[in-house]
Every structure is written in structure tokens, then in C-alpha cells.
Amino acid sequence: MQRQTIQRQIVLTAVQTLCHATADEIYQYIVASHPRVSKATVYRNLGVLADDGQIGHIKATTGADYYDCTTTPHYHLQCDRCGKVFDVPFLYLGELNHIPTDPGFVITGHTVLFRGICATCNTEKKGT
Ligand SMILES: [Zn+2]
Ligand SMILES: [Zn+2]
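Model, not experiment: these values are computed from the prediction. (Residues numbered from 1 in each chain as written. Chains lettered and ligands numbered in written order. Predicted model: local features only at pLDDT ≥ 70, side-chain atom pairs only at ≥ 80, totals over all residues. Heavy atoms only, no water.)

Let's talk about the packing of aromatic side chains
Summed over all chains, the structure comprises 1 aromatic pair. With a centroid separation of 5.4 Å and an interplanar angle of 35°, the aromatic rings of Y75 and Y92 are classed as tilted. One end of the pair, Y75, is in the loop between β3 (66-68) and β4 (76-79); the other, Y92, is in the loop between β5 (85-87) and β6 (113-116), and 17 residues separate them in sequence. For the pair Y75 and Y92, a shared accessibility class is recorded, and that class is buried. (Phe/Tyr/Trp six-rings, centres within 6.5 Å; stacked < 30°, edge-to-face > 60°. Helix = DSSP H or I, 4+ residues; strand = E, 2+ residues; numbered from the N terminus. Buried < 20%, exposed > 50% of the residue type's maximum accessible area, 1.4 Å probe, protein only.)

A closer look at a nonpolar patch on the surface
A cluster of nonpolar side chains, contributed by L77, F86 and F114, occupies part of the molecular surface with about 240 Å² of accessible area. Inspection of the secondary structure assignment puts F86 in strand β5. (Patch = residues over 30% accessible without salt bridge, like charges linked within 9 Å, V, L, I, M, F, W, Y side chains within 5 Å. Areas by Shrake-Rupley, 256 points an atom, 1.4 Å probe, with all protein chains shown as cover. Salt bridge = Lys/Arg side-chain N within 4 Å of Asp/Glu carboxyl O.)

A few points about unusual backbone geometry
Glycine aside, residues mostly have negative phi angles, and peptide bonds mostly take the trans form. One non-glycine residue with positive phi stands out, namely C19, at about 65°. By the element assignment, C19 lies in the loop between α1 (3-18) and β1 (20-22).

Digging into the packing of helix α2 (residues 23-33) against helix α3 (residues 39-51)
Axis separation between α2 and α3 bottoms out at 10 Å; the angle between their running directions is 125°. In this view, α2 runs oblique relative to α3, as classed from their interaxial angle. Remark: the crossing between α2 and α3 carries right-handed chirality. In this structure, α2 contributes A23, D24, I26, Y27 and I30 to the contact, and α3 contributes K39, V42, Y43 and L46. (Axes fitted to C-alpha atoms, helices over the stretch in contact; angles between N-to-C directions. Parallel < 35°, antiparallel > 145°, perpendicular 65-115°, else oblique. Left-handed = near helix turned anticlockwise from the far one by under 90°. Contact = heavy atoms within 4.5 Å.)

Observations concerning the coordination of the zinc ion (ligand 2)
Six octahedral donors around a metal ideally make angles of 90 or 180 degrees; four tetrahedral donors ideally make 109.5 degrees. The coordination sphere of the zinc ion (ligand 2), as far as protein atoms go, consists of H20 (NE2), D68 (OD), H74 (NE2), H76 (NE2) and D87 (OD), spread over 2.0 to 2.1 Å. All donor residues of the zinc ion (ligand 2) come from one chain, and their arrangement in sequence is H-x47-D-x5-H-x1-H-x10-D. Taken as a pair, H20 in strand β1 and H74 in the loop between β3 and β4 lie far apart in primary sequence, 54 residues in all. Judged by its relative accessible area of 18%, H74 falls in the buried class. (Donors = N, O, S within 2.8 Å, 3.2 Å for Na, K, Ca; no water.)

Some points on the side chain of N45
In this structure, N45 sits in helix α3. A distance of 2.8 Å separates polar atoms of two side chains, one belonging to N45 and the other to R8. Excluding its chain neighbours within four sequence positions, the residues that come into contact with N45 are Q7, R8 and V11. (Polar contact = N/O pair within 3.5 Å; in protein donor to acceptor, adjacent residues only side chain to side chain.)

That is the geometry; function is a separate question.
Shown next, in the form of C-alpha cells:
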């Protein structure tokens, strides 16, 4: 197997293990077991895998972007305090992609990011 292919596989496996993680978290995870893999390599491969549709890419409004092991369209929750991203167990409203638009504009999808405080942060706040 080519070196490039091996590195791409390492990055893909890391995303599938972490499920929702930032590029930096993915790099930290990989470098722990593959110390010779560079940050540039991880970032480049994340871009390639996302463009290729093998991993999801969540463009966050605040903070770093997230990569996702789930590639089918779904919604997310993001904690305002720790920044963690979770999936929303709710139907994806595909019909929203058919809203009337400028005739020259083709809708390819939509993103919904709910914000709030996750259960862990909520518990910490109460001081248990
Ligand atoms: Zn949190
Ligand atoms: Zn997700």
C-alpha cells in the first residue's frame, strides 16, 4: 500500500473512532500512536476525505470546525461551554432543500446547529 493511502486510512479510522472531533483533536489522537504523522498530513487528508464524502464536515459558527463519522445528513447540538458536538436524534427535513430560491441557485443541503449546555457541563454547574 502507498504511504499516502496508509496515512489517509489512519486519518479515516481516527474520525470513525472519535466520531465528532476537531482537526486538532484528530491530530492529537493520531500522533499518540503514529508520532511520525505530521499535522499538515492530518489536515490535508481530512480535507480530501471530506471533499470525497467519506467523512462529514461541520462548519461551526464559533470555534473550530468539526469532522463527523456520519456522512448522511443530520442535525447537531453544540455545547456553548465545552464546544462538544452531538447528533440530534431527529428526522432530517429534506424538504427544506426545496425552498423557492433564485432560479440560478442550486441548493445542495442545509445545516442546523442547535446550541446549549450539554449534560456534563450542566451537572458541573450545579456543583455535584
Ligand atoms: Zn459541555
Ligand atoms: Zn454528527
